[in-house]
Amino acid sequence: MPASSCTVTGLALIGEEMEAEPVRITVEDGIIVSLEPFSGRPERWICPAFFNAHTHLGDTVAMDIPARGGLAELVRPPDGLKHRILASTPRADLVAGMRASIDVMLATGTMGFADFREGGAVGVAALREAAAGLPCRPVIFGRDGGEREADGIGISSVRDVEHAEALVAEARRLGRLVALHAGERDPSDVDDALSFEPDLLVHCTHATDRQLRACADADIPIAVCPRSNWVLGVAASAAHPPLQRMLDLGCRLFLGTDNVMFVQPEIPQEMAFAATVYRLPPAEILRAAVSGSALLGRSSVLEEGNFANFLVINPNKSNICFSRDPRTTIVKRIHASAIEQKVLTLK
Ligand SMILES: [Zn+2]
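Residues numbered from 1 in each chain as written. Predicted model: local features only at pLDDT ≥ 70, side-chain atom pairs only at ≥ 80, totals over all residues.

Caption draft 1: Just the sheet that holds strand E7 (residues 137–142), in detail. What the nine strands build is an open sheet, ordered E12-E11-E10-E9-E8-E7-E6-E5-E13; its pairing is parallel. Strands with a single pairing partner mark the edges of an open sheet, and in this sheet they are strand E12 (253–255) and strand E13 (258–259). In terms of strand pairing, strand E10 (residues 200–203) meets strand E11 (residues 222–224) through two bridges, oriented parallel. Following the sheet pairing, Leu 201 is matched in E11 by Ile 222. (Pairing = 2+ DSSP bridges. Helix = DSSP H or I, 4+ residues; strand = E, 2+ residues; numbered from the N terminus.)

Caption draft 2: Examining the domain arrangement of the protein chain more closely. As far as domains go, the protein chain holds domain 1 (6–49 + 300–344) and domain 2 (50–296). The distance between the C-alpha centroids of domain 1 and domain 2 comes to 27 Å. Taken together, the contact pairs 20 residues of domain 1 with 19 residues of domain 2. At the level of elements, strand E14 (309–313), helix H12 (326–333) and strand E15 (339–344) are the ones that each hand at least two residues to the side of domain 1 that touches domain 2. Broken down by element, the side of domain 1 that touches domain 2 gets its largest block of residues, five residues, from H12. Looking at the side of domain 1 that touches domain 2 residue by residue, the class counts come to 12 nonpolar, four polar and four charged. (Domains from an automatic or database assignment. Contact = placed C-beta atoms within 7 Å. Nonpolar A, V, L, I, M, F, W, Y, C, P; charged D, E, K, R; others polar.)

Caption draft 3: Focus on the packing of helix H11 (residues 282–290) against H12. Where H11 meets H12, the closest approach of the two axes is 9 Å, and the angle between their N-to-C directions is 60°. Overall, the two elements H11 and H12 adopt an arrangement that is oblique. Between H11 and H12 the crossing geometry is left-handed. Two secondary-structure elements touch here, H11 through Pro 282, Ala 283, Ile 285 and Leu 286 and H12 through Arg 327, Thr 328, Ile 330 and Val 331. Residues of the contact of H11 with H12, tallied by class, amount to six nonpolar, one polar and one charged. (Axes fitted to C-alpha atoms, helices over the stretch in contact; angles between N-to-C directions. Parallel < 35°, antiparallel > 145°, perpendicular 65-115°, else oblique. Left-handed = near helix turned anticlockwise from the far one by under 90°.)

Caption draft 4: Region of the structure containing the pairing of strand E9 (residues 177–182). Burial runs high along E9: six of the six residues are buried. Neither face of E9 is open: one carries Leu 177, Ala 179 and His 181, the other Val 178, Leu 180 and Ala 182, and all of them are buried. A crossover connection joins strand E8 (residues 152–155) to the parallel E9 through helix H5 (residues 164–173); in handedness this β-α-β unit is right-handed. Of the pairings in the sheet, the one linking E9 to E10 comprises four bridges and is parallel in character. From the neighbouring strand, Ala 179 faces E10, where its bridge partner is Leu 200. (Buried ≥ 20, exposed ≤ 12 C-beta atoms within 10 Å, placed from the backbone. Right-handed = clockwise from strand over helix to strand, strands pointing away.)

Structure below.
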C-alpha cells in the first residue's frame, strides 16, 4: 500500500537493534512522525521492508535452464550462457521477465533492489520500463555505456573487464556510484576492486581477513549472496562467504540474491538460508536484509523521522502465531502469505 498517512499498532522491530516492542506507529506524508509505546495486546508484527542488494533481473528469462558448468560457463561476460540467452531474447520478453521478478520481490516484502544490468543504455532503459509504476525502487548499475543512464556502474570482476580504471574514473566524473563483483571465486581480484574505493562490493566470498578489514575501515558495504555462491559451487561450508568473520571485523553486510536464472529473488528465503547454514544472530541477518536501502540514500529502520517502509504481518494466518520470538521467526519462516499490508513510500 503506497499510503502516505496511516496509523498502525503492533509488535514492531524497532531501531538498528530491531528489538521487538509493542508500539503505535503514525505515518504522515510518508514519514514516521511518531513511535509510541502501545499498552494493548498487539495482534500484528511490524518489520522494516527488505532491500535486495544484488540482483541480475535480466536473466529471469533463463530461469532454471538445464545447464552444467560453473561461474565462467554460466555467467561470465561476454560469452557466458546467460549473455548468449539475453542477446537472443526479444526486448518485450526481457521487460516482462524483469517485471515479473520485481512483482515477486514486492510480494515478499522488498521495497527496493540494486541490479547489475547488462545490455548498455538499452538494457538500463528496459529495466526502468519494467519497474515503472511499482512501489519497489531500483538502483541500477549499468555497464557497456549503460552507466551513463544508470545510478552507477556495475563492473563484473576486474579480471574480466579491460580499462576498469578508466570506466570507474568516468563514472565518478558523472557522479555515479561504483560497484564491483569481487572475491567470488578467490581473493585475487579484491585488492584491485578496493583500490577504486567503491560504494559497494558484491560477494567477497573468498576475501581474506586483511581485505575484509579494509572494507570495514573504509566503510564499504558488502552485498553477500550465499545461495548463489552455493549454486555456483564457490561455497560449500559456512566458511564462505565468511559472514561471521565479516561481522566480527566490523563489515557492513547487505543481503542479495544474485542471478534470477538460478536463485529466486526472495529475501525471506535468503534470510532463512543464512540462519540455517551460517547460524548468524537473527538481528544481524535482518539488518543485512534491510540496510541495503542505504544505496537509495535512506534507511528503512523503524525510527522517527525515517521514510515509512515497513511490513505489517498477521501471525494469525499461520502457525507462526505460536512463536516465542517473532524476530527469529521472521528471519526463519516469513512467507508472502503472512504479509497483510505493505506501507511503502516511493519518494
Ligand atoms: Zn552478480
